[in-house]
Amino acid sequence: MKLVLRDIENFPAQVHLEADPGTFDVRFEGIVEVDRVAVDLDIQKSGEEYFCQGAVEADVVLECSRCLTSFEETLDGQTDFIVCSHDTWAEAQAEARDNEDYVLMDGGSLDADISEPIRQAIILAAPLAPLCAEDCKGLCPKCKVNRNEQECSCTFDDTDPRWDQLNDLRG
C-alpha cells in the first residue's frame, strides 16, 4: 500500500487509502484471506518527518478456533508511524531513538510503502481465538465431526480416576 506524500500541499492533512480486494497479504495464522483494507490517516509534518496516525478497517476471512470453519469479519485497528527519508532514519539511529515506528521513503521520492504498519494493525485487531459464533460447539475430540452441523454418538467419561477413592468414601 503506497502513501504518496508529494500530492499533499498543506499539513496537517487527512488521507483515505484503500487496497483492492485480495491484494493485501497479512501472513498470519487464523487470518485466511483479506478482502478489503481501508486506511484513514491524519498526517502532520515536522521538518523531513511525516507523523501518521489513523484507523485501519479490514474485511477478512478468519478461521474459527473451535470448529475450523471460515467466516467473515470486519477488523478495526489503529496505526501510528513516521515516514522519513533514509538520512533522517540514519540520524534517528545514531541518536539511539526507537526506529521501529519509522517507514522509509522510496529513494528520493515522497512515496512510502506503508504495508507493514497496516499489516501489524490488522494483526493486532484480530482476536486471539476467533469464533464463528459465541455458542460454537467445535469439533468432536474423538471423531472430529463439526458438532455445529451434526451430532455424533461419541461418549466421554468425564470422571478422573484419581478421585475414585474419594467417591468411595462418599458411599
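Details of the structure are given in the entry above.
All of these numbers come straight from a predicted model, not from anything done at the bench.

> How should I be thinking about the overall build of the chain in this particular structure?
In terms of regular secondary structure, the chain is built from three helices and seven strands. Listed by position from the N terminus, the elements making up the chain come as β-β-β-β-β-α-β-β-α-α. Taking all 171 residues of the chain together, the buried fraction comes to 36%. Accessible surface, the chain as shown: approximately 11,200 Å² in total, 46% of it carbon and sulfur.

> Whenever I open this one, the pattern of salt bridges confuses me. Can you help?
Close approach of charged atoms allows side chains of opposite charge to pair. Within the structure shown, the criterion is met by six salt bridges. The salt bridge involving Arg119 is made with Glu116; its shortest N-O contact spans 3.1 Å. Within this pair, Arg119 and its partner Glu116 are both found in helix H2 (residues 115-125), separated by three residues, close to a single helical turn. Note on Glu116: relative accessible area 35%, which makes it partly exposed. Put simply, Glu151 and Lys137 hold a salt bridge, and the shortest N to O gap is 3.8 Å. Here Glu151 is found in the loop between H2 and helix H3 (164-170), whereas its partner Lys137 is found in the loop between H2 and H3, with 14 residues between them in sequence. A relative accessible area of 62% places Glu151 in the exposed class. Judged by relative accessible area, which is 48%, Lys137 ranks as partly exposed. One network of salt bridges, in which partners are shared, links Arg36, Glu57 and Asp59.

> What am I meant to see in the side chain of Thr79 here?
Examined against the element boundaries, Thr79 turns out to sit in strand E5 (residues 70-84). Apart from the residues within four sequence positions on either side, Thr79 is in contact with Leu41, Cys52, Gln53, Gly54, Val56, Pro117, Ile118 and Ala121.

> Mind showing me how you'd approach the environment of Ala19 here?
Positionally, Ala19 belongs in strand E2 (residues 13-19). Taking the relative accessible area as the measure of exposure, Ala19 reaches 11% and is therefore buried. Placed 18 residues apart in sequence, Ala19 and Met1 show a C-alpha to C-alpha distance of 6.6 Å. Among all residues touching Ala19, those that are not within four sequence positions of it are Met1, Phe24, Arg36 and Val37.

> Explain unusual backbone geometry here, please?
Most peptide bonds adopt trans geometry, and most residues besides glycine take a negative phi value. Residues Phe11 and Pro12 are joined by a peptide bond in cis, for which omega reads 0°. Its location among the elements puts Pro12 in the loop between strand E1 (2-4) and E2. Positioned with a positive phi, Arg27 is a non-glycine residue whose angle comes to about 50°. For Arg27, the position within the fold is in the loop between E2 and strand E3 (31-46).

> Looking at this model, I keep getting lost on the state of the cysteines. Mind explaining?
Every disulfide links exactly two cysteines, by a covalent bond between their sulfur atoms. Here the structure, examined in full by the defined rule, presents zero disulfides. Among the cysteines around Cys67, which has no disulfide bond, Cys64 carries the closest sulfur, lying 3.7 Å off. For Cys67, a relative accessible area of 5% puts it in the buried group.

> Explain a negative patch on the surface to me, please; I cannot follow it from the model alone.
Together, Glu18, Asp20, Asp40 and Asp42 make up a region of like negative charge exposed at the surface. One can find Asp20 in the loop between E2 and E3. Residue Asp20 is classed as exposed on the basis of its relative accessible area, which comes to 55%.

> What should I look at first to understand the environment of Ala13 in this one?
With respect to the helices and strands, Ala13 occurs in strand E2. Judged by its relative accessible area of 12%, Ala13 is buried. Spatially, the C-alpha atom of Ala13 lies 5.1 Å from that of Ile43, the residues being 30 residues apart in sequence.

What counts as what
- Residues numbered from 1 in each chain as written.
- Predicted model: local features only at pLDDT ≥ 70, side-chain atom pairs only at ≥ 80, totals over all residues.
- Heavy atoms only, no water.
- Helix = DSSP H or I, 4+ residues; strand = E, 2+ residues; numbered from the N terminus.
- Buried < 20%, exposed > 50% of the residue type's maximum accessible area, 1.4 Å probe, protein only.
- Areas by Shrake-Rupley, 256 points an atom, 1.4 Å probe, with all protein chains shown as cover.
- Salt bridge = Lys/Arg side-chain N within 4 Å of Asp/Glu carboxyl O.
- Contact = heavy atoms within 4.5 Å.
- Disulfide = S-S within 2.5 Å.
- Patch = residues over 30% accessible without salt bridge, like charges linked within 9 Å, V, L, I, M, F, W, Y side chains within 5 Å.
- Lys, Arg positive; Asp, Glu negative; His and termini not counted.
- Charge placed at Lys NZ, Arg CZ, Asp CG, Glu CD.

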